[in-house]
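Take a look at the letters that make up each chain.
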Amino acid sequence: MGVKDNVERAAFSAAIDEVLKNVKKNPQKSLLKIVDMTEKMMGGSSKGFRTAAFAGARDLINQEDSKWMNYVTRLLTETDPHVAKMTALNLGYQAAFKGTKMIRENREKFGCNIPWLILMDPTSACNLRCTGCWAAEYGHKLNLTFEELDSIVTQGKELGIYFYMLTGGEPLVRKADIIKLCEKHNDCAFHSYTNGTLVDQAFCDEMKRVGNLSLSISLEGFEDANDFRRGEGVFAKVIHAMDLLHENGLIFGNSVCYTSKNMDSVTSDEFFDLLIEHGSRFAWYFHLMPVGMKASPELMPSPEQREYIYHRLREVRGREGGKEIYVMDFQNDGEFVGGCIAGGRNYCHINPKGDVEPCVFIHYSGANIREKSLIECLQQPLFMEYRKGQPFNDNMLRPCPMLENPELLQEMVKRSGAHSTDVEQEEPVEHLCEKCAEYAANWKPTADKLWEEHPYRQKGYINYANAEEKGYAYKVN
């Protein structure tokens, strides 16, 4: 980093230390100080953070006994101080402020999408043998070396990317390399999806030491449902892992795949109470995607079920009522990010073979990180097709070029010459999209009705690839 960046980071670090020192005495005053400091450093339209956002934060903080003020106070007082500081520094200053500015400049410079985060697979190996999953039998064959992971992060930082997520397989099979990566790149935030069974006290100690790694633990229901698929005793190990992380003051949440079979269970009051009781701070909800030759499209939620979860998760995270856990729906929250975020617009995926894919669910690519630089991979024809096409639908409840607009993905893959990168068996794009055609047609009437009724109706996102020819400035989400 340059001298100015070092000075700014040091100032932000000192301010965080002061706030964390006093947060237990006066959380309201401490949080307002963070907002004031953040607005001074990051506010203004030229820096991308609207005045209204800071006003909203102050309004929330001034509601001393509100649900979300209680949530934030608990998070700050229960989190290990070093972990809290590194999270604020790396996600706040480094990724949201410095990184965002660099990314915007580099999007202009290189004429392509530059993501805010990269999701990558250290390995496709896994320590479990879950029903319907190939990883335990086949996954051990595919790995990104530490040197390759290090190179991706090093190149990413030059573009302004300071947030890296890890998936697999089971990433914690490579826990030593993950900690080493966190240690070397201590100005980045890392987040790993995991089945939770490899979390132990020694790993918690390492997470506290580096301070810049958080986890999402997969959980797809209560004990019977979870262990039926993942194996006897796995649910108990997951709960133990959550308790360990909580006791050690570490930040973690849960990853939940919702299907036609588990919908009621994973949206019940009892399920959210379970997560909160064991220290979970957030939950990512992912719609089942029919990816792969052996996929089961019949497990995709019906339109009625998807409408239900659309309303239910908004109720859970509402300003009043609901639950003290922040829930996000990867498929139904498109209005907050301007639709599809893949293809490098906000994120992309690198599989354990090194293929750079638009999305973790879109297994097609025309570039490999072992053969090209990261910027060359982001400039590949398939990503440029994404850039030209986003948003793929004006209705932000139909954001995906595969699930809700399958004809578009077929066209982009064909025009770009991308090939299947599925690690188990190549899947023709026609085969994948055919599985989504009926679903897309059935969801459209419900989605259109919900979007027409939506009180927010965000229209701020504009396809910045075509902005100049349309005669207006673009907004980058």
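Residues numbered from 1 in each chain as written. Predicted model: local features only at pLDDT ≥ 70, side-chain atom pairs only at ≥ 80, totals over all residues. Heavy atoms only, no water.

Going by the annotation in an unreviewed UniProt entry, the name recorded for the chain is Radical SAM superfamily enzyme, MoaA/NifB/PqqE/SkfB family, with Pseudobutyrivibrio ruminis given as the source organism.

Engineer: Quick rundown of the packing of helix 8 (residues 175-184) against helix 9 (residues 201-210)? Include the residues and the values.
Structural biologist: In contact at an axis separation of 10 Å, helix 8 and helix 9 are set at 15° when each is read in the N-to-C sense. When the interaxial angle is binned, helix 8 and helix 9 end up roughly parallel. In this structure, the crossing between helix 8 and helix 9 has a hand that is left-handed. Of the residues in helix 9, those in contact with Lys175, Ile179, Cys182 and Glu183 of helix 8 are Phe203, Glu206, Met207, Arg209 and Val210. (Axes fitted to C-alpha atoms, helices over the stretch in contact; angles between N-to-C directions. Helix = DSSP H or I, 4+ residues; strand = E, 2+ residues; numbered from the N terminus. Parallel < 35°, antiparallel > 145°, perpendicular 65-115°, else oblique. Left-handed = near helix turned anticlockwise from the far one by under 90°. Contact = heavy atoms within 4.5 Å.)

Engineer: Quick rundown of helix 1 (residues 3-22)? Include the residues and the values.
Structural biologist: Side chains three or four residues apart in an α-helix point the same way, a direct result of the helix having 3.6 residues per turn. Here helix 1 contains 20 residues, and its C-alpha end-to-end distance of 29 Å stays within 8% of the 28 Å for a straight helix at 1.5 Å per residue. Looking only at helix 1, the buried set comprises Glu8, Arg9, Phe12, Ser13, Ala15, Ile16 and Val19. (Expected span 1.5 Å × (residues − 1). Buried < 20%, exposed > 50% of the residue type's maximum accessible area, 1.4 Å probe, protein only.)

Engineer: Residues and numbers for the pairing of strand 6 (residues 282-287), please.
Structural biologist: Burial analysis of strand 6 places five of its six residues in the buried class, which makes it a mostly covered element. Sheet topology places strand 5 (residues 252-258) next to strand 6; five bridges connect them, and they run parallel. Across the sheet, the residue bridging to Cys257 is Phe286, located in strand 6. Chirality of the crossover, the property in question, places the unit of strand 6, helix 14 (residues 303-316) and strand 7 (residues 326-329) among those that are right-handed. (Pairing = 2+ DSSP bridges. Right-handed = clockwise from strand over helix to strand, strands pointing away.)

Engineer: For the domain arrangement of the chain, give the residues involved together with the corresponding values.
Structural biologist: According to the domain assignment, the chain contains domain 1 (1-77) and domain 2 (110-455). Once you take the C-alpha centre of each, domain 1 and domain 2 turn out to be 28 Å apart. Summed over both sides, the interface between domain 1 and domain 2 buries roughly 1,100 Å², with carbon and sulfur atoms accounting for 45% of that surface. Summed over the shared surface of domain 1 and domain 2, the result is two salt bridges. For Asp59, the salt bridge goes to Arg319, with nearest N and O atoms at 3.3 Å. (Domains from an automatic or database assignment. Buried area = accessible area lost by both parts, 1.4 Å probe. Salt bridge = Lys/Arg side-chain N within 4 Å of Asp/Glu carboxyl O.)

Engineer: If you had to explain the environment of Lys414 to someone new, which residues and values would you point to?
Structural biologist: Position of Lys414 relative to the elements: it lies in helix 17 (residues 406-416). The exposure class of Lys414 is exposed, given its relative accessible area of 52%. Separated by 3.5 Å, the side chains of Lys414 and Glu430 make a polar contact. (Polar contact = N/O pair within 3.5 Å; in protein donor to acceptor, adjacent residues only side chain to side chain.)

Engineer: Now, about the pairing of strand 1 (residues 117-120): what can you tell me, with residues and values included?
Structural biologist: Neither face of strand 1 is open: one carries Leu117 and Leu119, the other Ile118 and Met120, and all of them are buried. Bridge count between strand 1 and strand 2 (residues 163-166): four bridges; the pairing is parallel. The partner of Ile118 across the bridge, within strand 2, is Tyr164. Where strand 1 meets strand 8 (residues 347-350), four bridges bridge the pair, whose relative direction is parallel. Pairing of Ile118 across the sheet is with Cys348, part of strand 8.

Engineer: A description of the nonpolar core should follow, citing residues and the corresponding values.
Structural biologist: Among the nonpolar cores identified, the biggest contains 73 residues, and Ile118, Met120, Leu213, Leu245, Tyr285 and Leu378 are the most heavily contacted of them. Here this core takes eight residues from helix 11 (residues 234-247), the largest share from any one element. Beyond its immediate sequence surroundings of up to four residues, Met120 is in contact with Leu149, Ile152, Val153, Tyr164, Met165, Leu166, Thr167, Leu181 and Ile350. Ranked by size, the runner-up nonpolar core spans 40 residues in total, among them Met396, Tyr439, Trp443 and Ala447. (Core = buried A, V, L, I, M, F, W, Y, C linked by side-chain atoms within 4.5 Å.)

Engineer: Could you give an account of the packing of aromatic side chains, with specific residues and numbers?
Structural biologist: Considering all chains together, one arrives at 17 aromatic pairs under this definition. Geometrically, the ring pair formed by Phe286 and Phe330 is tilted, given 5.4 Å between the ring centres and 35° between the ring planes. Linking Phe286 in strand 6 with Phe330 in the loop between strand 7 and strand 8, this pair joins segments that are 44 residues apart in sequence. Take Phe286: its relative accessible area is 14%, and that puts it in the buried class. Relative to Phe361, the ring of Phe330 has its centre 6.1 Å away and its plane inclined at 65°; by these criteria the two rings are edge-to-face. Remark: Phe361 occurs in the loop between strand 9 (356-357) and strand 10 (364-365) and Phe330 occurs in the loop between strand 7 and strand 8; sequence separation between them is 31 residues. Connected via pairs of aromatic rings, a cluster forms that spans Tyr193, Phe282, Trp284, Phe286, Phe330, Tyr347 and Phe361. The ring of Phe146 has Lys180 lying over it, and the distance from NZ or CZ to the ring centre is 4.2 Å. (Phe/Tyr/Trp six-rings, centres within 6.5 Å; stacked < 30°, edge-to-face > 60°. Lys NZ or Arg CZ within 6 Å of the ring centre and 35° of its normal.)

Engineer: Run through empty space enclosed by the protein, naming residues and quoting values.
Structural biologist: Over the atoms rolls a probe the size of a water molecule, and in doing so it shows where empty space is left. The tally for this structure, following the rule as stated, stands at one cavity of 30 Å³ or more. There is about 40 Å³ of room inside the largest cavity. The residue inventory of the lining of the largest cavity, partitioned by class, reads four nonpolar, three polar and two charged. (1 Å grid on protein atoms, 1.4 Å probe; cavity = no way out; pocket = protein on both sides within 12 Å on 5 of 7 lines; lining within 4 Å. Points joined across faces, edges and corners; volume = space filled by probe spheres on them. Nonpolar A, V, L, I, M, F, W, Y, C, P; charged D, E, K, R; others polar.)

Engineer: An account of the sheet that holds strand 7 is needed here, citing residue identities and associated values.
Structural biologist: Paired through their backbone hydrogen bonds, the strands of a sheet run either parallel or antiparallel. Read across the open sheet, the nine strands follow the order 7-6-5-4-3-2-1-8-9; overall the sheet is mixed. Only two strands of the sheet have a single partner each, and these edge strands are strand 7 and strand 9. Against the sheet, helix 8 touches strand 1, strand 2, strand 3 (189-194) and strand 4 (213-218), its axis set at about 145° to strand 4.

Engineer: Kindly report on the side chain of Asp150, identifying the contributing residues and their values.
Structural biologist: On the secondary structure map, Asp150 appears in helix 7 (residues 146-159). On the basis of relative accessibility, which here comes to 12%, the residue Asp150 falls in the buried class. Here the side chain of Asp150 touches His185 through a polar contact of 2.6 Å, side chain to side chain. Among all residues touching Asp150, those that are not within four sequence positions of it are Leu181, Lys184 and His185.

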